[in-house]
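Spelled out from the first residue to the last, the chains are:
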Amino acid sequence: MRGNLTIGTHALLLALLASCATADRVTTKSVPELRPGMPAGYLSTEARIDSLALLPPPPTADSPAFVLDQDSARHAAALRDTPRWQIATADANLRFPAAAQAFSCALGAPITEEDTPTLLMLMRRSMVDAGLSTYGAKDQYKRQRPFIANKTPTCTPGEEAMLSKDGSYPSGHSAAGWAWALILAEISPDRANQIFARGRAFGQSRVVCNVHWQSDVSEGRIVGAATVARLHADTAFRADLAVAKQEFAALRARGAKPVTDCDVEKRELAKP
C-alpha cells in the first residue's frame, strides 16, 4: 500500500476488519486504534511491505497460470456444501477471538482472551499489517474475483457485494493466515509442521470459498511472509512475541485442549 489510508478501497478493508473487531470482547488496552475497537498494526504506513513492488502482475487471461487458476476453481466447486466447505466458511470469519481458533488443533491448545491475551492481540495487530500490505497491488490491478467471473456462489454470500469492490490479487486472508502460521510456529516450534499445514489450508479456503483465484492465494502468502520478516525488526512486536511465548507455554503446561473437532479438521484438510 502506498500513502496514507484513504476513503475507498482501504476504507473497504477497514470495514471488513472492523466487522471482525467490534463484535468481540478483546480489549485494545493501550494499543492505538484505527477505529474504535480495532487495533492498529505494529507497522507504520511507511514500514509496511509494498505488495506492488514485491509481486508480479496477476496472470493474464491467456497465460498458463490462469489456466491453473481456472482448474483450481473448478476443483474447489466440487467441494461446495461438504465439510471442507464448512471449514472454509469458518476460515472466512476474521472476528476475534473466534478467528484464532482456526489454529487451535494445529497448536494442540486454544488461543483465548483469558489465557493468552498478548498472543491474541499480536494476532489481531499482525493481521492488520499483513492485510493492509496487500493493497498496493490490490489497488493497482483491481483483479476481478472468481465468483464474478464464473457466476457461482461463495461461502459468504453476505460479503459478496463488498468483496466485488475489493481487488482479488493478492489475498489478504492468505497473507494474514500465512503470517499467523509463521508467528505461531515460533511460539510452538514443536508443532511447526501442523501449524504450517493449517496456515496453508487457511489460504486454500479462499479458493474453496470461490472468492480468490489460486494465484491470489499463493502471492498472498508471499506478502504474509514478507510482513513477518519486517515485523521482526519492530521492537514492540518482538516484545509481544516474547510474552506470547510465555503465555502459550503456561497454557500448555496446564493441559489445555482445543475446543474444535480436530478429527474432522484433520480428515478434511488431508484431502487433495
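Our structure is the block above this text.
These numbers were taken from a predicted model, which means no experiment stands behind them. (Residues numbered from 1 in each chain as written. Predicted model: local features only at pLDDT ≥ 70, side-chain atom pairs only at ≥ 80, totals over all residues. Heavy atoms only, no water.)

Engineer: Mind showing me how you'd approach the packing of helix 4 (residues 83-91) against helix 14 (residues 262-269) here?
Structural biologist: A pair of packed helices can be characterised by two numbers: the angle between their axes and the separation between those axes. Relative orientation of the contacting elements helix 4 and helix 14 amounts to 110°, with a least axis distance of 9 Å. The orientation of helix 4 with respect to helix 14, classified from their angle, is roughly perpendicular. Where helix 4 abuts helix 14, its residues Pro 83, Arg 84 and Ile 87 lie against Glu 265, Glu 268 and Leu 269. Its residues placed into classes, the contact of helix 4 with helix 14 shows three nonpolar, no polar and three charged. (Axes fitted to C-alpha atoms, helices over the stretch in contact; angles between N-to-C directions. Helix = DSSP H or I, 4+ residues; strand = E, 2+ residues; numbered from the N terminus. Parallel < 35°, antiparallel > 145°, perpendicular 65-115°, else oblique. Contact = heavy atoms within 4.5 Å. Nonpolar A, V, L, I, M, F, W, Y, C, P; charged D, E, K, R; others polar.)

Engineer: Any chance you could explain the nonpolar core here in plain terms?
Structural biologist: Within soluble globular proteins, side chains that are nonpolar generally end up buried alongside one another. Membership of the largest hydrophobic core comes to 43 residues, with the highest contact counts inside it found for Phe 103, Trp 180 and Leu 184. Take this core: its biggest share by element is ten residues, from helix 10 (residues 172-187). With near-sequence residues (within four places) excluded, Trp 180 lies in contact with Leu 94, Phe 96, Ala 99, Phe 103, Met 123, Ser 126, Met 127 and Phe 202. Residues Ala 88, Phe 147, Leu 163 and Val 208 belong to the second largest nonpolar core, which totals eight residues. (Core = buried A, V, L, I, M, F, W, Y, C linked by side-chain atoms within 4.5 Å. Buried < 20%, exposed > 50% of the residue type's maximum accessible area, 1.4 Å probe, protein only.)

Engineer: Hey, could you run me through unusual backbone geometry in this one?
Structural biologist: With the exception of glycine, most residues fall at negative phi, and the peptide bonds are largely trans. Between Phe 96 and Pro 97 the backbone carries a cis peptide bond, its omega angle lying at 10°. Structurally, Pro 97 is set in the loop between helix 4 and helix 5 (104-107). For the bond running from Tyr 169 to Pro 170, omega is -5°, close enough to zero to count as cis. Locating Pro 170 in the fold gives a position in the loop between helix 9 (160-163) and helix 10. The backbone of Asn 210 shows a phi angle near 70°, a positive value even though the residue is not glycine. Turning to its location among the elements, Asn 210 is positioned in the loop between helix 11 (192-208) and helix 12 (214-231).

Engineer: When you look at the environment of Gln 70 in this model, what are you seeing that I'm missing?
Structural biologist: With respect to the secondary-structure elements, Gln 70 resides in helix 3 (residues 64-77). On a C-alpha basis, the gap between Gln 70 and Trp 213 in space is 7.6 Å, while along the polypeptide they are 143 residues apart.

Engineer: Would you mind showing me how to read the side chain of Thr 154 here?
Structural biologist: Relative to the helices and strands, Thr 154 is located in the loop between helix 8 (146-150) and helix 9. Under the relative-accessibility criterion, Thr 154 is labelled buried at 5%. A distance of 3.2 Å separates a polar side-chain atom of Thr 154 from the backbone nitrogen of Thr 156. With sequence-adjacent residues up to four places away left out, Thr 154 is seen in contact with Trp 85, Phe 147, Glu 160, Cys 209, Asn 210 and Val 211. (Polar contact = N/O pair within 3.5 Å; in protein donor to acceptor, adjacent residues only side chain to side chain.)

Engineer: Whenever I open this one, the layout of surface pockets confuses me. Can you help?
Structural biologist: A probe as big as a water molecule, rolled over the atoms, marks out the empty space that is left. Here the largest pocket is characterised by a volume of approximately 670 Å³. Taken together, 27 residues make up the lining of the largest pocket; nearest its centre are Ala 197, Ala 201, Glu 268, Leu 269 and Ala 270. Of all the elements in the fold, those that place two or more residues in the lining of the largest pocket are helix 3, helix 5, helix 11 and helix 14. Take the lining of the largest pocket: its biggest share by element is eight residues, from helix 11. (1 Å grid on protein atoms, 1.4 Å probe; cavity = no way out; pocket = protein on both sides within 12 Å on 5 of 7 lines; lining within 4 Å. Points joined across faces, edges and corners; volume = space filled by probe spheres on them.)

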